[in-house]
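# Descriptive structure summary
Each chain, written out:
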Amino acid sequence: MKQGIGSRIQRKEDVRHLYGRGNFVTDMMLPGQSDVAFVRSPVAHARILKITKPPDFEASVYVRDDLTDVGAMVTPNTVPGYKLSAWHPLAHKKVRYVGEAVAMCVAPSRAAAEDICELVDIEFEDLPVLMDAPAARKDTSVRVHEEWADN
């Protein structure tokens, strides 16, 4: 048997998955367990103007301002020129890419959580999209992170 990157390895889980006997985290149900689904940004670059939680589900929908005890992650790096940026678990004031999580909905099942997501209304103010990295470095009028002098 060859070793190293790209070599075949014997996988122990294949047989049970191929015959439908595999278990996944989503297969586990505990008493009183809730599930979560996320409302994600449909736009690449925009300010979040307003998030409206659906009536009767306010307690099931969480946005960044609801997570006061959850701090942003900041990952230092020793690479020259690396800029620190805070990453919030939910978008904070603006979205920076399509699919960024903006709100989370909690319900007794995944399907119910997804149904609540459909009721959340978010108003965005579109911002110019940066599609070309070299051009984005030169154009300082549009910034992914406003606190930086450049992109």
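Refer to the structure presented above.
A brief look at the structure comes next. (Residues numbered from 1 in each chain as written. Predicted model: local features only at pLDDT ≥ 70, side-chain atom pairs only at ≥ 80, totals over all residues. Heavy atoms only, no water.)

### Side note on the overall build of the protein
Formally: Working definition: helices are DSSP H or I runs of at least four residues, strands are E runs of at least two. Numbering for both runs from the N terminus. Here the globule rule reads 2.2 Å times residues to the power 0.38, and the radius of gyration is calculated from C-alpha atoms. Whether a residue is buried, partly exposed or exposed follows from its accessible area with a 1.4 Å probe, protein chains only, as a fraction of its type maximum: under 20%, in between, or over 50%, in that order. Exposure was quantified through the Shrake-Rupley algorithm and a 1.4 Å probe, taking into account, for residues, occlusion by the shown protein chains and nothing else. In this count, Lys and Arg are taken as positive residues and Asp and Glu as negative ones, while His and the chain termini are left out. Where a charge lies is defined by one atom per residue type: Lys uses NZ, Arg uses CZ, Asp uses CG and Glu uses CD.
Counting secondary structure elements, the protein contains three helices and six strands. N-terminal to C-terminal, the α/β element order of the protein is α-β-β-β-β-β-α-β-α. The C-alpha atoms of the protein give a radius of gyration of 21 Å, which is well past the 15 Å a tight globule of 151 residues would have. Across its three principal directions, the C-alpha atoms of the protein cover 55 × 55 × 30 Å. Counting over 151 residues, the protein shows a buried share of 23%. Here the protein displays about 11,400 Å² of accessible surface, and carbon together with sulfur accounts for 56% of that area. If the 19 positive side-chain charges of the protein are averaged to one point and the 22 negative ones to another, these points end up 11 Å apart.

### Describing the sheet that holds strand β1 (residues 35-40)
So the rule is basically this: Two strands are said to pair when DSSP picks up at least two bridges between them. Every axis in this analysis is a line fitted to C-alpha atoms, fitted for helices over the stretch in contact. Angles between the N-to-C directions lie between 0 and 180 degrees.
Within the open sheet, the three strands sit side by side as β1-β5-β3. Their pairing is antiparallel. The open sheet has two edge strands, β1 and β3 (61-63), and neither has a second partner. Strand-to-strand twist of the sheet, defined as the mean angle between neighbouring strand axes without regard to direction, takes the value 25 degrees.

### Focus: the pattern of salt bridges
The criterion, for reference: The rule for a salt bridge is simple: a side-chain nitrogen of Lys or Arg has to be within 4 Å of a carboxyl oxygen of Asp or Glu.
What the rule picks out here adds up to two salt bridges. With a closest N to O distance of 2.7 Å, Lys53 and Asp66 form a salt bridge. With a gap of 13 residues between them, Lys53 in the loop between β2 (46-52) and β3 and Asp66 in the loop between β3 and β4 (94-95) connect regions that are remote in the sequence. Among the residues examined, Lys53 registers a relative accessible area of 22% and is labelled partly exposed.

### Quick notes on the sheet that holds β2
Pairing is antiparallel across the open sheet formed by three strands, whose spatial order is β4-β2-β6. Only two strands of the sheet have a single partner each, and these edge strands are β4 and β6 (121-126). Two strands pair when backbone bridges link them, and β2 and β6 are joined in this way by six bridges, in the antiparallel orientation. Bridging across to β6, Arg47 finds its partner in Glu125.

### Quick notes on the environment of Gly32
Mapped onto the elements of the fold, Gly32 is located in the loop between α1 (14-18) and β1. For Gly32, a relative accessible area of 77% puts it in the exposed group. C-alpha separation for the pair Gly32 and Ala136, spaced 104 residues apart in sequence, amounts to 48 Å.

### Overview of unusual backbone geometry
For Asp56, which is not glycine, the phi torsion reads 75 degrees and is therefore positive. Residue Asp56 is classed as exposed on the basis of its relative accessible area of 74%. Backbone geometry at Lys93 places phi at a positive 75 degrees, although glycine is not the residue there. With respect to the helices, strands and loops of the structure, Lys93 is situated in the loop between β3 and β4. Residue classification places Lys93 among the exposed positions, given a relative accessible area of 63%.

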